[in-house]
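Chains, contacts and geometry: an overview
Now for the letters of each chain:
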Amino acid sequence: MTPNAPPPTAPSTGAFLLERLRKRSDFLRAAKAARAPAPGFLLQGRQRHADEETTPGTIRVGFTCSKKVGNAVARNRAKRRLREIARLILPLEGRPGWDYVLVGRPAVTAALPFDQLKTDLSRALKKVHR
RNA sequence: GCGGAGGGUCGGAUGGCCGCGGGGCCCGAGGCUCCGAGGAAAGUCCGGACUCCCUGAAGCAACGGUGCCGGGUAACGCCCGGGCGGAGCAAUCCGACGGAAAGCGCCACAGAAAACAAACCGCCGGUCGUUCGACCGGUAAGGGUGAAACGGUGGGGUAAGAGCCCACCGCGGGACGGGCAACCGGACCGGCACGGCAAGCCCCACCGGGAGCAAUGCCAAAUAGGGAUCUCGCGGGGCGGAUAACCCCAGGGCCGCUUCAGCCCGAGAGAUCCGGGUUGGCAGCUAAAGCCAGCGGGCGACCGCUGGCAUAGAGGAAUGGUCAUCCAUGGGCGGGGCAACCCGCCCUGGACAAAAUCCGGCUUACAGACCCUCCGCGCGG
RNA sequence: UGGGGUGUAGCCAAGCGGUAAGGCAGCGGUUUUUGGUACCGUGUACCGUAGGUUCGAAUCCUACCACCCCAG
């Protein structure tokens, strides 16, 4: 009964520390950089400059769900799902020294199957890294 | 049983794996353990608590709000009870419900006339006149217009009419009685005088300083123009040796105005101290006019006493992701049964809406389930 | 958290108690060989939604909805 049941995909080791974006200016800088649309969300990403006062080698990530996504319940749910895929995928496939921003979309971010969101994030990351 | 009225409660459950915020413990990387959204957390429409700002008190003015009466409350525009008006057979529900004889304003079109009495067609009398009619006077019953036309119906009366007179109804006043009051009843009197709109201005009564937890306080870091305190000094006159003390007279400023009280300034110089905006951290920050139970008072809102409980505190903002089973819901298939329905399997899939300083209300949204009380009709006893 | 504003035809809009201007666009016509221009004519409004006040509401009042802006 237990032969499959692989270990969970979450990296318990924490190869790279995830940090949260908190300043508006960081979000604005990320918005001007490369972007990769996905069915359930929009990914923005960029490599930080050396002169920015951040701990190098960390991956930073932010989440945005505007009023277009819906009311507070819908926005919170979309942000939680985005946060969850970021927690599962970014430590494995993200690049240290980069900032990422995930933007929620109305209806679909909360409705798509969870596995599809994860594979979409992997694909979008490859696109942004080019 | 059918139909209806009012009120209340709940608003998925359990578990596995991986996570999030906060508290506590372990020496630490890290681990263990406990707690972690709502009845509306919402809209931000009212009322407060709490902070900071503003010389104080009284009166006036302005502005804003409330608006039948009484009570409850920290307070309210909320709640309870009562009155009045309206809807309903009823339970019950609804009502911005003070004042139009303080004043101003408005009432389109139609109509003779729209608020103060008047008179277009009429009706009646008189004069003139061949008829049609003209003029003078009386009248407001009839006609027509309008949302609204100056009491209604009947009778008497009259030249024709009219509260001119009478009866009933309406209206106004009202001794007296009931009620804390709103208000209710009302002998009797008046003969009709008083159109509507105050969610038009307004009048009356009552209430109200301003800003808001991004308030405000503290700490640390890095940088330029300002303020506070103290000392010296400071208008005119009197007294005096005196820039001292005391007294008198002035000037300016401090709440929108006035009065009273009070305070400050009034030549500058020196010394000391502080602030402002930026970034980060800490506090404010969760014990709340709190919740539950019992007893007592009150028609009730609610109040009092006793006992018990400790119940989210984030800060680009935690309370989740995913899977399984069950429950509610909807659908399909099969079986049993006359039927209502029952059993099994499969699929579907969970109302509204998420704390942001806290509390009392209001308003709005809400799949479904359950409970209590009452009313009408039918049937049975 | 607090404050302010807007909503009228497909678009821009006036009107603030008495039955909804104007312009652009649209449609039809005249002029032109045709198109454009010019001229003439014409349709289109539950006045954001729902109640209320009033004889009468786009206008006044109340609640709600949507959008926009401002301050710390």
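Coordinates for the structure precede this section.
Rules used in this analysis
- Residues numbered from 1 in each chain as written.
- Chains lettered and ligands numbered in written order.
- Predicted model: local features only at pLDDT ≥ 70, side-chain atom pairs only at ≥ 80, totals over all residues.
- Heavy atoms only, no water.
- Core = buried A, V, L, I, M, F, W, Y, C linked by side-chain atoms within 4.5 Å.
- Buried < 20%, exposed > 50% of the residue type's maximum accessible area, 1.4 Å probe, protein only.
- Helix = DSSP H or I, 4+ residues; strand = E, 2+ residues; numbered from the N terminus.
- Contact = heavy atoms within 4.5 Å.
- Expected span 1.5 Å × (residues − 1).
- Bend = angle between axes of the 7 residues up to and from the residue.
- Near = heavy atom within 4 Å.
- Nonpolar A, V, L, I, M, F, W, Y, C, P; charged D, E, K, R; others polar.
- Phe/Tyr/Trp six-rings, centres within 6.5 Å; stacked < 30°, edge-to-face > 60°.

Turning next to the nonpolar core. If you look at soluble globular proteins, the nonpolar side chains tend to sit buried side by side. Grouped together as the largest cluster of nonpolar side chains are 25 residues, with contacts concentrated most on Phe 41, Leu 43, Tyr 100, Leu 102 and Leu 121. For this core, the element with the highest residue contribution is helix α2 (residues 72-93), accounting for seven residues. If we skip the residues at most four places from it in the chain, Leu 43 touches Ala 34, Arg 35, Ala 36, Tyr 100, Val 101, Leu 102, Leu 121, Ala 124, Leu 125 and Val 128. If you look at the next biggest cluster of nonpolar residues, it comprises five residues, including Leu 21, Ala 30, Leu 42 and Val 101.

A separate point is α2. The first and last C-alpha atoms of α2 sit 30 Å apart over 22 residues, in line with the 32 Å expected at 1.5 Å per residue. Taking the largest bend as the criterion, α2 deviates by roughly 35 degrees, centred on Arg 87, and proline Pro 91 comes between one and four positions later. Three or more residues of α2 are buried, namely Ala 78, Arg 81, Leu 82, Ile 85, Ala 86, Leu 88, Ile 89, Leu 90 and Pro 91.

For the rest of this paragraph, the subject is the protein's contact with RNA strand B. Close contacts around RNA strand B come from 20 residues, with Arg 20, Leu 21, Arg 77, Arg 80 and Arg 81 the closest. Among the secondary structure elements, those contributing two or more residues to the surface near RNA strand B are α1 (24-32), β4 (59-64) and α2. With nine residues, α2 is the largest single contributor of residues to the surface near RNA strand B. Grouping the constituent residues of the surface near RNA strand B by class yields eight nonpolar, three polar and nine charged.

With 16 residues, helix α4 (residues 114-129) should cover 22 Å at 1.5 Å per step; its first-to-last C-alpha distance of 23 Å lies within 8% of that length. By the burial criterion, the buried members of α4 are Leu 117, Lys 118, Asp 120, Leu 121, Ser 122, Ala 124, Leu 125, Val 128 and His 129. Along its buried surface, α4 packs onto β2 (34-37), β3 (41-47), α2, β5 (98-104) and α3 (108-111).

Turning next to the packing of aromatic side chains. Taken as a whole and assessed by the stated rule, the structure comprises one aromatic pair. Consider the rings of Trp 98 and Tyr 100, whose centres lie 6.1 Å apart with planes at 20 degrees: the pair is stacked. We note that Trp 98, like Tyr 100, is buried.

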